[in-house]
Amino acid sequence: MLHAFLKKGSFQDSVSLMLISRDLSKADDLKRVSIMMGTPSNKDVFRETGMWHDTLDEAGPNDICVVIETEGASDAITDIVRDRMEAALLAMMQGRKSASYPIVHSYNRALRSLPDANITLISIAGMYAHEPALEALERGQHVMLFSDNVSVEKEVQLKTLGRQKKLLVMGPDCGTSVINGAPLAFANRMERGLGSIGIVGASGTGIQELCSQIALQGSGITHAIGLGGRDLSEAVGGLSALTALEMLDADPSTDVIAFVSKPPAERVRAKISEVMQGLRKPVVALFLGKNPTVRQEGNVYFAYTLDEAAQLALDLEKAVKSARHLPKVARQGILGLFSGGTLAAETAMLLGAALGLKADHEHKAGFMLHTDEHAVIDLGDDVYTRGRPHPMIDPSVRTERIDVIDEKTGVLLVDVVLGFGSHADPAGAVADSVKALQAKRSSPLVVIATVTGTEADPQVRSEQIARLEDAGIIVLNSPRQAVMLATLLVKPEACNKPEALLKEAVSPVLVKEPAVINIGLREFADDLQTNDVRCVFYQWAPACGGDERLQALLKLMQ
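Predicted model only: the values in this text are computed from it and were never measured.

S.K.: So what's going on with the overall build of the protein? Which residues, and what values?
M.R.: For the protein, the count of helices and strands is 19 helices and 23 strands. Its C-alpha atoms give the protein a radius of gyration of 30 Å, clearly above 24 Å, the size a compact globule of 558 residues would have. By the burial criterion, 54% of the 558 residues in the protein qualify as buried. Summed over all atoms, the accessible surface of the protein reaches about 24900 Å², with 52% contributed by carbon and sulfur. Distance from the positive charge centre (57 side chains) to the negative charge centre (70 side chains) of the protein: 5 Å.

Structure below.
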């Protein structure tokens, strides 16, 4: 049997009411309790879930609606539930942290309390969210819409205005963002200043998993910009994605951009991919549900899984930071001299993808890649081992090649393979030959090595790495990292951005000092306060008690 009552003129946020509903429904004498505000959409939910009671006809959007389902027909149950709900509301209020942030009841007062506010976080019911979001944009605020059930038409309107004003519109239905250390809604705590990866995502948990994977490997993020699940739909067209990408491209603290999205509309995916290739910074793109057949196009690296995207971003971050401290060798050649055939093949494959070159499938004279500028050679090929030991045993075949490297080569890639049967000091042989070459060169040569082996090998991995680094050789963990760094060094720094994209670019700048107006869930303001982010809590309630006719009259009077 259903019982119902109303608590008139007492607006509460939906999450608090849901939690109270859950707890009251656990009572032994109750089958189910549903507590929501009396908005039209919530009334539809009551009907759809079989919890409709005629008492709800009298409810307005500013009234708490309580419907109780019991096994029996006791009318006294309404008084029992009423008392329990009042006690729960009081306990929730008393249990809140002591707030050091201002609590206000209008947007104007919020701005007076925090005049330099630059982000508005909105988590009220979707039917009301559009108006404060529009006001925030008009006043120059970035907007995050945690609220859902906002129409596509209103989303497009907000995002079009945001793009015109060079402002972010994150959402609607945006679960997470982190702007310069300010956690907005569902967010993980990331140590500030630790890393240089900026994240953009039309996937809330996708952003959180990328953040988590990056943090697990000791790095961090600059910003994580949520877009809302519909941003890459055909209707919305990636409006916020474009702004977010341009913002991170212009952000001086961001070196690498990582992008994650639930399956997008194909036309929008193609457009976003084209824009990514016009950016100045390397980008990792993960369009979930699409297994990329091409793994790299220019500066864009395509991933298939979240952990792969995180690792690519970390590898690129390492490469960018390394390149910053190395000599300029733009437009010079890359030469790879390898003792391991598989390592040579992988390097040729990666280098070909990065520079738009075709690998040499004939492998004549051990060449895995061979152009006028770039080459990757497997020195373990038969042509080099006739009548002499394999280069892993006798490194002289490589040291002889290093000795005659010409001035057109700007980057040398080498592998050092340790283990039983290998040369006693392969790193020493490379280091000595590189030192001799550097002494007679007139132009800089960057040498990048990878070391295959363990600390327990006879050569001792750490000692071999030290030999290389003492000779000024950069040691990286994988051929992929080595190729990333090499291509960053030889590629021209100028961005070949298409003219059509230049006309659309907004070149906006993300906020350096977040200051947030929080409208809706007070818990979000508490989280901001915990993270030392300045904020003000706007304790919002529908105007005119939610009466739409009176609201329309009020607007006319204004």
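Now that the structure has been shown, the text picks up again.
S.K.: Help me get a handle on the nonpolar core, residues and values and all.
M.R.: In this structure, I199, V411, I448 and L489 are the most contacted members of the largest nonpolar core, which totals 50 residues. Take this core: its biggest share by element is nine residues, from helix α10 (residues 306–323). Ignoring any residue separated from it by four or fewer positions in sequence, one finds L489 in contact with A323, L326, P327, V329, A330, V411, V446 and I448.

S.K.: If you had to explain the sheet that holds strand β7 (residues 169–170) to someone new, which residues and values would you point to?
M.R.: Strand order across the open sheet formed by six strands is β4-β23-β22-β5-β6-β7, with parallel pairing between neighbours. Whereas interior strands pair on both sides, the edge strands pair on one side only; in this sheet they are β4 (103–104) and β7. Two elements, strand β6 (residues 142–145) and β7, share two bridges in a ladder whose sense is parallel. Residue pairing across strands places M144 opposite M170, the latter belonging to β7.

S.K.: So what's going on with the pairing of β6? Which residues, and what values?
M.R.: Here is the key point about a regular strand: its side chains alternate between the two faces of the sheet. Residues of β6 alternate between two faces, with H142 and M144 on one and V143 and L145 on the opposite face, all of them buried. Direction of pairing for strand β5 (residues 119–122) relative to β6: parallel, over a ladder of four bridges. Paired with L121 across the bridge in β6 is M144. The parallel pair β5 and β6 is bridged by helix α5 (residues 126–138), and the resulting crossover is right-handed.

S.K.: So, the environment of H423: which residues are in play, and what are the values?
M.R.: By the element assignment, H423 lies in the loop between β19 (409–417) and α14 (426–440). Between the C-alpha atoms of H423 and D394, which are 29 residues apart in sequence, the distance is 6.4 Å. Engagement of the side chain of H423 in a polar contact is seen with the backbone nitrogen of D425, the distance being 2.9 Å.

S.K.: Could you give an account of the environment of A215, naming the residues involved and the relevant values?
M.R.: Following the sequence through the fold, A215 ends up in helix α7 (residues 204–216). For the pair A215 and A345, spaced 130 residues apart in sequence, the C-alpha to C-alpha distance is 32 Å.

S.K.: Quick one: what's the story with helix α3 (residues 77–94), residue by residue and with numbers?
M.R.: For α3, which comprises 18 residues, the first-to-last C-alpha distance of 26 Å matches the rise-based estimate of 26 Å (1.5 Å per residue) to within 8%. Those residues of α3 lying buried are I77, T78, V81, M85 and L89. Along the axis of α3, the buried residues cluster in a sector spanning 100°; they form a single face. In α3, those exposed residues whose orientation departs by more than 90 degrees from the buried face are D83 and Q94. In this structure, the buried side of α3 is in contact with β1 (2–7), α1 (14–25), β2 (32–37) and β3 (64–69).

S.K.: Kindly report on the sheet that holds strand β18 (residues 375–378), identifying the contributing residues and their values.
M.R.: The strands making up a sheet associate through backbone hydrogen bonding, with each pair oriented either parallel or antiparallel. Strand order in the open sheet formed by six strands is β17-β18-β16-β19-β20-β21, with mixed pairing between adjacent strands. Strand pairing shows two members of the sheet lacking a second neighbour, β17 (367–370) and β21 (474–476), which therefore form its edges. Mean inter-strand twist for the sheet, computed between neighbouring axes without regard to direction, equals 15°. As judged from the five bridges shared by strand β16 (residues 333–338) and β19, these two strands associate in the parallel manner. Pairing of G333 across the sheet is with T409, part of β19. Each of β16, β18 and β19 is contacted by helix α13 (residues 396–403), which is oriented at about 160° to β16, the strand it contacts most.

S.K.: Tell me about α14, and please be specific about residues and values.
M.R.: Given a rise of 1.5 Å per residue, 15 residues ought to cover 21 Å, and the 22 Å separating the end C-alpha atoms of α14 matches this to within 8%. Among the structural elements, α13, β19, β20 (446–452) and α15 (461–470) are those in contact with the buried residues of α14.

S.K.: Before we move on, can you summarise the pattern of salt bridges with the specific residues and values?
M.R.: Taken as a whole and assessed by the stated rule, the structure comprises 25 salt bridges. For E86, the salt bridge goes to K7, with nearest N and O atoms at 2.8 Å. On the criterion of sequence distance, the pair formed by E86 in helix α3 and K7 in strand β1 is long-range, its members being 79 residues apart. For K7, a relative accessible area of 22% puts it in the partly exposed group. Here D249 ties to R280 by a salt bridge, and the two come within 3.3 Å at their closest N and O atoms. Of this pair, D249 sits in helix α8 (residues 239–250) while R280 sits in the loop between α9 (266–277) and β13 (283–287), placing them 31 residues apart in sequence.

Quick notes on the rules
- Think of each chain on its own: its residues are numbered from 1, step by step along the sequence as written.
- Per-residue local features of the predicted model are confined to residues with pLDDT of at least 70, and side-chain atom pairs are confined, for both listing and counting, to 80 or more; whole-chain, interface and lining totals are unaffected and use all residues.
- In computing side-chain values, all of the structure's heavy atoms are included and hydrogens and water are not.
- Only DSSP runs of H or I with at least four residues qualify as helices, and only runs of E with at least two residues qualify as strands; both kinds are numbered from the N terminus onward.
- The globule rule used for comparison is 2.2 Å times the number of residues to the exponent 0.38, while the radius of gyration itself is calculated over C-alpha atoms.
- Burial classes follow relative accessibility: with a 1.4 Å probe on protein chains only, a residue under 20% of its type's maximum area counts as buried, one over 50% as exposed, and anything between as partly exposed.
- Surface exposure here means Shrake-Rupley accessible area, sampled with a 1.4 Å probe, where a residue is shielded only by the protein chains that are shown.
- The charge count includes Lys and Arg as positive and Asp and Glu as negative, but it does not include His or the ends of the chains.
- For this purpose, a charge sits on NZ of Lys, CZ of Arg, CG of Asp or CD of Glu.
- For this analysis, a nonpolar core means a set of buried residues of the types Ala, Val, Leu, Ile, Met, Phe, Trp, Tyr and Cys, connected via side-chain atoms within 4.5 Å.
- Whether two residues are in contact is decided by their heavy atoms: any pair within 4.5 Å suffices.
- Paired strands, as defined in this entry, are two strands with at least two bridges between them according to DSSP.
- A right-handed crossover is one whose linking path, passing over the helix from the first strand to the second, runs clockwise when the strands point away from the viewer.
- Contacts described as polar in this section are N or O atom pairs within 3.5 Å, which, within protein, must combine one atom able to donate a hydrogen with one able to accept it, while residues neighboring in sequence count only if both atoms come from side chains.
- Working rule for helices: expected span equals 1.5 Å times residues minus one.
- Of all possible arcs, the one meant is that of the directions from the helix axis to the C-beta atoms.
- Axis definition: a line fitted to C-alpha atoms, over the contacting stretch in the case of helices. Angles run 0 to 180 degrees between N-to-C directions.
- A side-chain nitrogen of Lys or Arg and a carboxyl oxygen of Asp or Glu constitute a salt bridge if their distance falls within 4 Å.

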